[in-house]
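Structural overview for review
Each chain, letter by letter, is given below.
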Amino acid sequence: MSTNEVTLTAEKGTSLWEDAWIKLRKNKLALVGLGLLVSLCVISLLTPWIAPYGYEEQNLLMGATPPSAEHWLGTDIFGRDMLTRIMWGGRVSLMVGFIATAVALAIGVIYGAVAGYVGGRVDMVMMRLVDILYALPFMIFIILLMVVFGRNLLLLFFAIGAVEWLTMARIVRGQVMSLRKQEFVEAAHSLGLSQWIIIRRHIIPNTLGPVIVYTTLTIPSVMLLEAFLSFLGLGIQPPQSSWGLLINYGVETMEEYPWLLIFPGVALSLTLFALNFLGDGLRDALDPRTSKD
Amino acid sequence: MKQQFSSSFFTLLSALFMSLLLSGCGSSESNVAEGNRTGILHWGNGTEPQSLDPHVATGVPEHHIIVALMEGLVHKNSKTLEPEPGVAKSWTVSDDGRVYTFELRDDARWSNGDVHNAHDFVWSWSRALQPALGNLYAYMYFPIVNAHEFYKGEITDFEQVGVKALDDLTLQITLKNPTPYFLQLLDHYSMYPVHQATIEKFGRADERGTRWTYQGNFVGNGPFKLKTWEINRAIEVERNTFFYGNDEVKLNGIVFYPTENVTTEERMFRAEQLHYTNDVPIDKVQTYRDANDPALKVVPYLGTYYYRINVREPHLQDKRVRRALGMTIDREQLTEHVLKAGQIPAYAMTPPNTRGYYPPVSLSFDPEAARQLLADAGYPNGEGFPVTEILYNTNEGHRKMAVAIQQMWREHLNIEVTLLNQEWKVYLDSESSGDYQISRAGWIGDYVDPNNFLDMFLCDGGNNRTGWCNEEYDRLILEVAPTAKTHEERLAVFTQAETMLMDDLPVLPIYTYTTKHLVHPSLKNLANNIMDMQRYTEIYLEGEED
Amino acid sequence: MFKFALGRLLQAIPVLLVVITMTFLLVHSAPGGPFSADKAVPEAVLVALEAQYNLDQPLWQQYFSYLGDVLRGDLGPSFKYPGRDVNELIMSGLGTTAELGFYAMMVAIFIGVIAGVTASMRPNTMQDYVPMTAAMIGICMPSFLLGPLLVLIFGIHLEWLPVSGWNEIPGDKILPAITLGTGYAAYIARLSRGGMLEVLSQDYIRTARAKGLSEFLIIGKHALRGGLIPVVAFLGPAFAGLLGGSFVVETIFQIPGLGRFYVQAAFNRDYTMILGTTVFFATLIILFNLLSDMLAIWLNPKLRQQVRGDS
């Protein structure tokens, strides 16, 4: 390698976040995923205003019709516009996904952070509890909960959140524990900074990485879980609808009216793809081992 | 050693995987082809039966299996539904219509060869009415003198109940009142005889749920006997060589499959794993119709699909409100476009032509008149009408109906209606405890007579659940009808009663049921009666014609 | 190792106790008792039925007598199927579900590992993208969609495979196993790819390559053991997931397994069946987690040191 003509430019230091953003930008799939996600969220938020038909509007005489000029994605057996149904269904599905994950996030992060930071006996007890809960057949409990208490949306969020927080707690705890032992925390401590400030300024920002990644990857599994519950008749209840429910109805009439399955199926799949690719990209981007150089 | 681990691991894995794939090889004769060859019928039966004890079971899937294994004094002709000799070869009725004397066959046997006679019936019925057994169909027996009292525990000596074995082959039954439909009741499985020795071998006579009905234990008096019972998989019955009519029975055996998922059942039919399905998915009916596929059999059924109205609810107490609701359900649209399986709009509770009875019709689809009624009741244009809830048990079909009706009421009456679905048990509880406003319901006739549909709504009828009570109605059903001199007179009384019912409208009839099945062309001689009753001794399989 | 296993087993006892108690309370607070029926049940009959099944006793009494029974291994009579015991019902469904789970796991491991290892051999090429995209599709496709689709294609149109049943018609195991295993195959593919990539970047692999060993030998003999550790760790949760997934697959394919029993019991308010199945599943999951952890330790010398150190 010839080193005669080498120009050295002063390299600007980059924070973890800027570093991550640069790496993320290079990952085409992740960007596509991000873009898709953002557009879906925007559409969902605007649905009450931009949906072409009323949510409940049915036209029994028409029944299920394939895509046409008036109904871009066709109609279902009640004559309801599928585009409208899918938009509203998306709202519900995304809402379930985000909120249930948020519940899991809230519980998991706090629990894990406390356990990781306090350490010692408290940590041991808390983690034993997590291990215990891990052993429980959760699908069974969710089914039981929904069967016993009826199917309302709030319970659904709670039930799903109660399942997903465990792994989050483990991740956070692991992260916090390893951070706590790091020198910069000891240094901050010896400088006299309060526990709280240490947590806020040092621990939490450094924990965010894995948490964000895991959150992004939890949302799709939450949405799938909702779809499973709908299959068993325990998820979202009509007249509300979700993509999971729409897909379930579509499967029943797969041969007669394929568009009832294809469009919600594509919608759900695309969203799941987007979230997964984004999550993968974030994971790669935030991984300190692969720097931008 | 650890390196060998991965290679041996993989070898093992590959071997297992191959075995999975290779399991696909083997005889690929379909159930249907094999069944046609061997005379075994493959029958989709809906749900796994709870029990095959005829005095404990309560459902239709149980019925289909029990009637293969057992028989009553009489059975119904598969075309006319009139009573025909069963275990009893003949009978006479006294002039006052209260005493029935049956002569039993002398060649009647149990499936283990034991002699079967009148004493079996006396013992069986005493067992069926034991209070501790919890026979939910005990009311079938109540026309018999003192049967109800015995069931309630008011008398404990069965000698006082109106059933006597005059001798080995003669059975005499005494009724409280002349009951024209009594012979029909005898065909219901709750009145079938059971084998005393077998029951007593496995527990007390009034002990519910002993092992006597299991594979290897079951003894019955029907054309078939129990061969295997694998829970949730299949129940197989085989020819009972001791059955008196065995020579005429063509089928060699039947396999009943618990096909809960109707979509899967349809696929099984197409893959030729079944000769006969229990039901057809609603959305597939049109496809079969359009293709003119003879496999689809749609037959009227003795049942009414209706909505109960809880008349105890303040805003539903006014008859005008209820009539407005009833008049804005477009039944034609529902049956044509939502149900699409040949169902018939119902404007009265009793299905038409129930033993010659045609119910009076005073209800029709009339949104204008309905709006007027609603306004008269104090809710002009639906203003001020409280949000009302339709309760239904979780089921696709019910959901569709409820959604459609919700929309109709909104459109025609401008009222707000919400939907609530609960699963079966919860829904039943809600209905029984009156914890509902409007609730979906269905009633399938136990026997062919208007009484079965109208006596539900007696003041203290256990199946009433609406809170509606009309003493004159009760008098007509309980006192006037049973004492009518002729069939026509009786029907006239029913007409009177049903007119009252339909005027007050504590229930909104919606449609008369049909049954729909997919039937393989090799299954012959099926009956088309309104009780969806098949006689296994009459149907047979023909070798496939390609 | 033995102490480790023993310790874990002892820990399992309070877990099971918690499971039983929670389930018991949940089930008994459910609306809709087991004896609600379409035809009105006379009061006297209801009373008799409840007495027979001890439902008229105060809750705490029922609870303790149930615990006592469980300790003796008696999970009680089923409410829904008079005359049948829960033990009997579980046994009848267990073999089937276990077989289904086993075959599905095999499908998952076989396809997943092969896909993942292949992908890791040439990262960021088509050999990587194709399996990984297929894996993504597998993850995002729910079994209640995949199952009917496969049935439609292979069962009805091509008529190659049966559409329902298990152990009744030759070949009826294939579609259910594939339906259940696909999602997990996808996860395993990703995990093994990740694990392999990490291992393959290690120094000792580079040494082996420099020595001239064939790629196949390198992977088979050296890399696989380390690379598959994340897969092994995943087996425990995968098993729990398979149990849950079996509910759906068993319903679609009409398989008389434990999953279907459980769903039916929940809807039927068959108290004892629900309790019994839950306890049973919990025990299985605990055992399986223990086994998979032990396997992971055995494979990973570092962990083994840790365990020895702790115990």
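The paragraphs below set out a description of the structure included in this document. Everything quoted here is computed from the prediction, not taken from an experiment.

**A look at the overall build of chain C**
Helix and strand counts for chain C stand at 13 helices and zero strands. The order of α-helices and β-strands along chain C, N terminus first, is α-α-α-α-α-α-α-α-α-α-α-α-α. C-alpha extents for chain C along the principal axes are approximately 85 × 60 × 30 Å. Within chain C, the fraction of its 311 residues that count as buried is 52%.

**Description of the overall build of chain A**
When helices and strands are counted, chain A shows 10 helices and zero strands. Secondary structure elements of chain A occur, N-terminal to C-terminal, as α-α-α-α-α-α-α-α-α-α. For chain A, long-range pairs separated by at least 24 residues make up 70% of all intrachain contacts whose partners lie at least 6 apart in sequence.

**Description of helix α9 (residues 243-252) of chain A**
Owing to its 3.6 residues per turn, the α-helix aligns residues three or four sequence positions apart on the same side. The element α9 of chain A is largely enclosed, with a buried count of 10 among its 10 residues. Residues Trp243, Gly244, Leu245, Leu246, Ile247, Asn248, Tyr249, Gly250, Val251 and Glu252 of chain A constitute the buried set of α9 of chain A.

**Section: the interface of chain B and chain A**
Interfaces are often sized by the amount of accessible area the parts lose when they come together. Each partner contributes to the interface: chain B provides 14 residues, whereas chain A provides 14 residues. Residue assignment for the side of chain B that touches chain A shows that the elements contributing at least two residues are α9 (282-290), α11 (331-339), α13 (396-413) and β14 (417-422) of chain B. Of all the elements, α13 of chain B adds the most residues to the side of chain B that touches chain A, at four residues. In terms of residue class, the side of chain B that touches chain A is made up of five nonpolar, seven polar and two charged.

**Observations concerning helix α17 (residues 487-504) of chain B**
Residue and element names in this part refer to chain B. With 18 residues, α17 extends 26 Å from end C-alpha to end C-alpha; this agrees with the ideal 26 Å at 1.5 Å per step. All buried positions along α17 are accounted for by Arg490, Leu491, Phe494, Ala497, Glu498, Leu501 and Met502. The buried residues of α17 occupy an angular sector of 135 degrees when the element is viewed end-on, so they sit on one face. Exposed and oriented more than 90 degrees from the buried face of α17 are Glu488 and Asp503. If you follow the buried residues of α17, they end up packed against α15 (450-454) and α16 (471-480). One or two steps after α17, the chain reaches Leu505, where phi turns positive at roughly 55 degrees.

**Some words on unusual backbone geometry**
Residues and elements named next belong to chain B. Although it is not a glycine, Lys340 adopts a positive phi angle of roughly 55 degrees. Looking at the secondary structure, you find Lys340 in the loop between α11 and β12 (344-345). Residue Lys340 is classed as partly exposed on the basis of its C-beta count, with 16 C-beta atoms lying within 10 Å. Unlike most non-glycine residues, Asn414 shows phi in positive territory, near 60 degrees. Note that Asn414 resides in the loop between α13 and β14.

**Observations concerning the nonpolar core**
Core analysis: the largest hydrophobic core is formed by 316 residues, its most contacted members being Ile143 of chain A, Leu69 and Ile254 of chain B together with Val107 and Ile188 of chain C. Apart from residues lying up to four places away in sequence, Ile143 of chain A is in contact with Leu232 and Leu234 of chain A together with Val263 and Ala266 of chain C.

**Some details on the environment of Thr499 of chain B**
Residues and elements named next belong to chain B. Along the chain, Thr499 falls in helix α17. When the C-alpha atoms of Thr499 and Val60 are compared, they prove to be 30 Å apart, with 439 residues separating the residues in sequence. Ignoring sequence-local partners within four residues, the contact set of Thr499 consists of Pro360 and Ser362.

**Concerning the packing of helix α1 (residues 2-28) of chain C against helix α3 (residues 59-71) of chain C**
Residues and elements named next belong to chain C. Two elements in contact, α1 and α3, have axes whose closest approach is 11 Å; the angle formed by their N-to-C orientations is 135 degrees. Put simply, α1 runs oblique to α3. With respect to the hand of their crossing, α1 and α3 are arranged in right-handed fashion. Contacts between α1 and α3 pair Ile20, Phe24 and His28 from the former with Leu59, Tyr63, Tyr66, Leu67 and Val70 from the latter. Its residues assigned to classes, the contact of α1 with α3 shows seven nonpolar, one polar and no charged.

**A word on the sheet that holds strand β13 (residues 388-393) of chain B**
Residue and element names in this part refer to chain B. Ordered by their spatial adjacency, six strands build an open sheet running β12-β16-β11-β15-β13-β14, and the pairing between neighbours is mixed. In the strand order of this sheet, the two ends are held by β12 and β14, each with one partner. Direction of pairing for strand β11 (residues 296-309) relative to strand β16 (residues 507-518): antiparallel, over a ladder of 10 bridges. Note that in β16 the partner of Val299 across the bridge is Thr515. Helix α14 (residues 424-432) rests against β13, β14 and β15 (438-444) of the sheet, and its axis sits at about 135 degrees to β13.

**Some remarks on the sheet that holds strand β6 (residues 163-167) of chain B**
As a general point, the strands of a sheet are linked pairwise by backbone hydrogen bonds and lie either parallel or antiparallel. Residue and element names in this part refer to chain B. Taken in spatial order, the four strands line up as β4-β5-β7-β6 in an open sheet, and their pairing is antiparallel. The strands lining the two open edges of the sheet, one partner per strand, are β4 (88-93) and β6. Taken over all neighbouring pairs, the strand axes of this sheet differ in orientation by 25 degrees on average, direction set aside. Contacting β5 (99-104), β6 and β7 (170-174), helix α4 (residues 118-128) runs over the sheet at an angle of about 165 degrees to β6.

**Describing the packing of α9 of chain A against helix α10 (residues 259-286) of chain A**
Residue and element names in this part refer to chain A. Packing of α9 against α10 leaves a shortest axis separation of 8 Å and a crossing angle of 150 degrees. Along this stretch, α9 crosses α10, giving a crossing that reads as left-handed. For the pair α9 and α10, the contacting residues are Trp243, Leu246, Ile247, Tyr249, Gly250 and Val251 in the first and Leu260, Leu261, Pro264, Gly265, Ala267 and Leu268 in the second. Per-class residue counts for the contact of α9 with α10 are 10 nonpolar, two polar and no charged.

**Overview of the pairing of β15 of chain B**
The two faces of a sheet get side chains in turn, since along a regular strand they alternate between them. All names here are of chain B. Counting buried residues in β15 gives five out of seven residues, a clear majority hidden from the surface. Here β11 pairs with β15 via seven bridges, running antiparallel. Each residue of the ladder has a partner; that of Tyr307, found in β15, is Arg440. Looking at chain direction, β13 and β15 are connected through two bridges and run parallel. Considered in β15, the bridge of Ile390 is made with Ile438.

**Let's talk about the environment of Trp21 of chain A**
Residue and element names in this part refer to chain A. Along the chain, the position of Trp21 falls in helix α1 (residues 16-26). On the neighbour-count criterion, Trp21 (13 C-beta atoms within 10 Å) is partly exposed. Between the C-alpha atoms of Trp21 and Ala64, which are 43 residues apart in sequence, the distance is 46 Å.

**Considering the pairing of β14 of chain B**
Residues and elements named next belong to chain B. In terms of strand pairing, β13 meets β14 through six bridges, oriented parallel. Residue pairing in the sheet places Leu391 in a bridge with Leu420 of β14. Handedness of the crossover joining β13 and β14 through α13: right-handed.

**Re the environment of Ala346 of chain B**
Residue and element names in this part refer to chain B. Within the secondary structure, Ala346 is located in the loop between β12 and α12 (367-376). Under the C-beta neighbour-count criterion, Ala346 is labelled buried, with 24 such atoms within 10 Å. As for Ala346 and Tyr305, which are separated by 41 residues in sequence, their C-alpha atoms are 8.2 Å apart. When neighbours within four sequence positions are excluded, Ala346 is seen to be in contact with Thr304, Pro509, Ile510, Tyr511 and Thr512.

Conventions adopted
Along every chain, residues carry numbers that run from 1 in the direction the sequence is written. Following the order in which they are written, the chains are lettered starting with A and the ligands numbered starting with 1. Two thresholds apply to this predicted model, a pLDDT of at least 70 for residue-level local features and 80 or more for giving and counting side-chain atom pairs, whereas whole-chain, interface and lining totals are computed over all residues. Starting at the N terminus, helices and strands are each numbered in turn, a helix being any DSSP run of H or I of at least four residues and a strand any DSSP run of E of at least two. Residues with at least 20 neighbouring C-beta atoms inside 10 Å of their own are called buried, those with 12 or fewer are called exposed, and the rest are partly exposed, where every C-beta is derived from the backbone. Whether two residues are in contact depends on their C-beta atoms, placed from the backbone: they are in contact if these lie within 7 Å. In the scheme used here, Gly and all other residues not listed as nonpolar or charged are polar, with Ala, Val, Leu, Ile, Met, Phe, Trp, Tyr, Cys and Pro taken as nonpolar and Asp, Glu, Lys and Arg as charged. How far a helix is expected to stretch is found by multiplying one less than its residue total by 1.5 Å. The directions from the helix axis to the C-beta atoms are what the arc is built from. When buried Ala, Val, Leu, Ile, Met, Phe, Trp, Tyr and Cys residues are joined through C-beta atoms within 7 Å, the set is termed a nonpolar core. Axis geometry follows a simple rule: fit a line to the C-alpha atoms, using only the stretch in contact for helices, then measure angles between N-to-C directions, giving values from 0 to 180 degrees. These descriptions rest on fixed angle ranges, namely under 35 degrees for roughly parallel, over 145 for roughly antiparallel, 65 to 115 for roughly perpendicular, and the rest for oblique. Crossing handedness: left-handed means the near helix sits turned counterclockwise from the far one by under a right angle, and right-handed means the same turn made clockwise. Here, any two strands with at least 2 DSSP bridges between them count as paired. Viewed with both strands pointing away, a crossover whose connecting path from the first strand over the helix to the second turns clockwise is right-handed.

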